[in-house]
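Inside the fold
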Number of protein chains: 2
Amino acid sequence: MLKFQQKEKILKKYFGILRKCSLFSEIEDRHLIAMLSCLGAKRVSFDKKYTIFAQGNSAKYIGILLSGSAQIVRHDYYGNRSIVSGVMPGELFGESFACAGMEVLPVSIVANEPCEVLLIDSGHVLHTCTNGCEFHRRMIYNLMRDLAAKNIMFHQKLDITAKRTTREKLLAYLAYMEQQTGKNEFEIPFDRQELADYLEVDRSGLSAEIGKLRREGVLDCRKNHFTLL
Amino acid sequence: MLKFQQKEKILKKYFGILRKCSLFSEIEDRHLIAMLSCLGAKRVSFDKKYTIFAQGNSAKYIGILLSGSAQIVRHDYYGNRSIVSGVMPGELFGESFACAGMEVLPVSIVANEPCEVLLIDSGHVLHTCTNGCEFHRRMIYNLMRDLAAKNIMFHQKLDITAKRTTREKLLAYLAYMEQQTGKNEFEIPFDRQELADYLEVDRSGLSAEIGKLRREGVLDCRKNHFTLL
DNA sequence: ATATGTATGTTGAAATTTCAACAAAAGGAG
DNA sequence: CTCCTTTTGTTGAAATTTCAACATACATAT
């Protein structure tokens, strides 16, 4: 009983986050705790740089990031890292693979800083109470919206990485960030090496290009803070 | 009445295709015609090289390719073409944008050869009979699976295009095709220019690389038919 | 403040891509 | 078959990326 109260308390701490989570869109707070319990949601913490899901692991879990930040990364045969995207609090991860019925993950999800994560067995979302539970139906709809949004994200990423030069990729990315934030000044969620691994270019070449654009008066930056001029 | 019979007849011609379409998974033939009518599905034909949906068009339609083949392409400000993926009969297109609620399409869908297409207003799939119609619920679930599968497709494409050299991209693509077909010999759905636009590389460089790999005894190819040795 | 480790910037050489231009091959139309 | 168009292959020069190595800046802990 005490344990349940604690659990409630802990989860209430994250209501603000869970409310914004696409999986629970249009689901009222008063139903949320019961749902989470029904879904068998488990809260887990990870230290900075810890791998939350590893490439090759079972793909049956869906994660919800409660706090911190993470990245979806892929390592090829030679160990080259490619960063697919970042994950911010309230966002789902792993849902594509679970929903597509993949056995194992083709990517890893890595904690960027200390993270708290809610893990849900995808079977509980996809395969239970098929006959009518309103919440369940809503979750399937929400998942559909979420997956469509992820698809758009991939289109946007392709728009950036399809460019042929480091300069064009960088400018396309910064233009995208400007459009997203609505400001010509913003923080990017990557350090230099990470930005290079996201844009699929060489880090030193990227640094050189940033320096050149700065000298040309196109942009200014201090660490992760970029300004387009 | 005659018109309806014709419509039935025409659609029956494509039952084999529609049965395989992810949107209608687990929906029985006897319900299909009524559903298509209810969804306001319209059959349209397109000549080779015709643009089925154009970048910038309204994103409210979902397409089902009935015959022929098409490609999802994007043109940037300078007119550079990038091929996102191919579309084969029975596959959906445009559903990501409709389901994500985008206003306009960020890509075009172009007929590769004469095509027949079934167009469905996404509003009829997403926003009608929210209270219980079993078919409708099933379609949402099917869309969710389809979108998850498209997501996986993007991951696979990133796996290929994240490689840094033409040679690596080409070999990654051919390895993927080998895995898909289960054979070391297969036809690719692209001519040279299209393959280059799919891999995001220069066509002449690609031709040169194919020639080099052939001389090295790694592969053989005649037109679109590739053999890995 | 110093030391230590990490992140970022810089450089030059080697490898690769792009680009333009042309040659060769393949396919269609008359 | 020939002409014409499209596709594919080839080439060399210019631009760009990658790679390795090192220098500098920054952050943190002692």
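Residues numbered from 1 in each chain as written. Chains lettered and ligands numbered in written order. Predicted model: local features only at pLDDT ≥ 70, side-chain atom pairs only at ≥ 80, totals over all residues. Heavy atoms only, no water.

Points about the pattern of salt bridges
Residues and elements named next belong to chain A. If you walk through the whole model with that rule in mind, you get 23 salt bridges over all chains. Between D29 and R19 there is a salt bridge whose closest N-O contact spans 2.1 Å. Of this pair, D29 sits in helix α3 (residues 29-39) while R19 sits in helix α2 (residues 15-20), placing them ten residues apart in sequence. Judged by its relative accessible area of 46%, R19 is partly exposed. Of the charged contacts, one joins R30 and E28 as a salt bridge, the two residues approaching to 2.6 Å between their closest N and O atoms. Given a relative accessible area of 61%, R30 falls into the exposed group. The exposure class of E28 is partly exposed, given its relative accessible area of 42%. (Salt bridge = Lys/Arg side-chain N within 4 Å of Asp/Glu carboxyl O. Helix = DSSP H or I, 4+ residues; strand = E, 2+ residues; numbered from the N terminus. Buried < 20%, exposed > 50% of the residue type's maximum accessible area, 1.4 Å probe, protein only.)

Notes on the sheet that holds strand β8 (residues 115-121) of chain B
With respect to topology, four strands assemble into an open sheet ordered β1-β8-β3-β6 (chain B), the strand pairing being antiparallel. What marks the edges here is a single partner per strand, and that holds for β1 (42-46) and β6 (92-93) of chain B. (Pairing = 2+ DSSP bridges.)

Side note on the protein's contact with DNA strand D
What surrounds DNA strand D is a group of 14 residues, the closest being T166 and D202 of chain A together with R192, R203 and S207 of chain B. Taking the atoms of DNA strand D that fall within 4 Å of the protein, sugar and phosphate contribute 56% of them. Between DNA strand D and the protein, one listed contact pairs a phosphate oxygen with a side-chain N or O atom of R164 of chain B at 3.4 Å. For the surface near DNA strand D, the secondary structure elements donating two or more residues are α9 (203-215) of chain A together with α8 (192-199) and α9 (203-215) of chain B. Sorting elements by how many residues they give to the surface near DNA strand D places α9 of chain B first, with four residues. Taken together, the residues of the surface near DNA strand D sort by class into one nonpolar, seven polar and six charged. (Near = heavy atom within 4 Å. Polar contact = N/O pair within 3.5 Å; in protein donor to acceptor, adjacent residues only side chain to side chain. Nonpolar A, V, L, I, M, F, W, Y, C, P; charged D, E, K, R; others polar.)

Some points on the environment of I160 of chain B
Residues and elements named next belong to chain B. With respect to the element layout, I160 can be found in helix α6 (residues 134-161). For I160 and G40, which are 120 residues apart along the polypeptide, the C-alpha to C-alpha distance reads 38 Å. Look past the residues within four positions of I160 in its chain and what remains in contact with it is K169, A172, Y173, Y176, Y198 and L199. (Contact = heavy atoms within 4.5 Å.)

Considerations on α8 of chain B
All names here are of chain B. Counting buried residues in α8 gives six out of eight residues, a clear majority hidden from the surface. Of all the residues in α8, the buried ones are E194, L195, A196, D197, Y198 and L199. Buried residues belonging to α8 abut β4 (70-75), β5 (81-87), α6, α7 (166-181) and α9. Measuring from the side-chain oxygen of the N-cap residue of α8 to the backbone nitrogen of Q193 gives 3.1 Å; that N-cap residue is D191. After α8 finishes, the residue E200 shows a positive phi value of roughly 65°.

Re the domain arrangement of chain A
Accessible area lost when the parts come together is the quantity often used to give the size of an interface. Residues and elements named next belong to chain A. Here the domain parsing of chain A yields domain 1 (4-159) and domain 2 (164-228). With centres defined by C-alpha atoms, the gap from domain 1 to domain 2 works out at 28 Å. Each partner contributes residues to the interface: domain 1 has ten residues there, and domain 2 has eight residues. Three residues, R81, I83 and K157, lead the burial of domain 1 against domain 2; their summed loss comes to 51% of the area buried on that side. If you look at where domain 1 meets domain 2, you find two salt bridges. Note that K157 and E200 form a salt bridge whose closest N and O atoms lie 3.7 Å from each other. Summed over the shared surface of domain 1 and domain 2, the result is four residue pairs in polar contact (both at pLDDT 80 or more). Those elements giving two or more residues to the side of domain 1 that touches domain 2 turn out to be β5 (81-87) and α6 (134-161). Element by element, the count of residues in the side of domain 1 that touches domain 2 is highest for β5, at five residues. Taken together, the residues of the side of domain 1 that touches domain 2 sort by class into two nonpolar, five polar and three charged. (Domains from an automatic or database assignment. Buried area = accessible area lost by both parts, 1.4 Å probe.)

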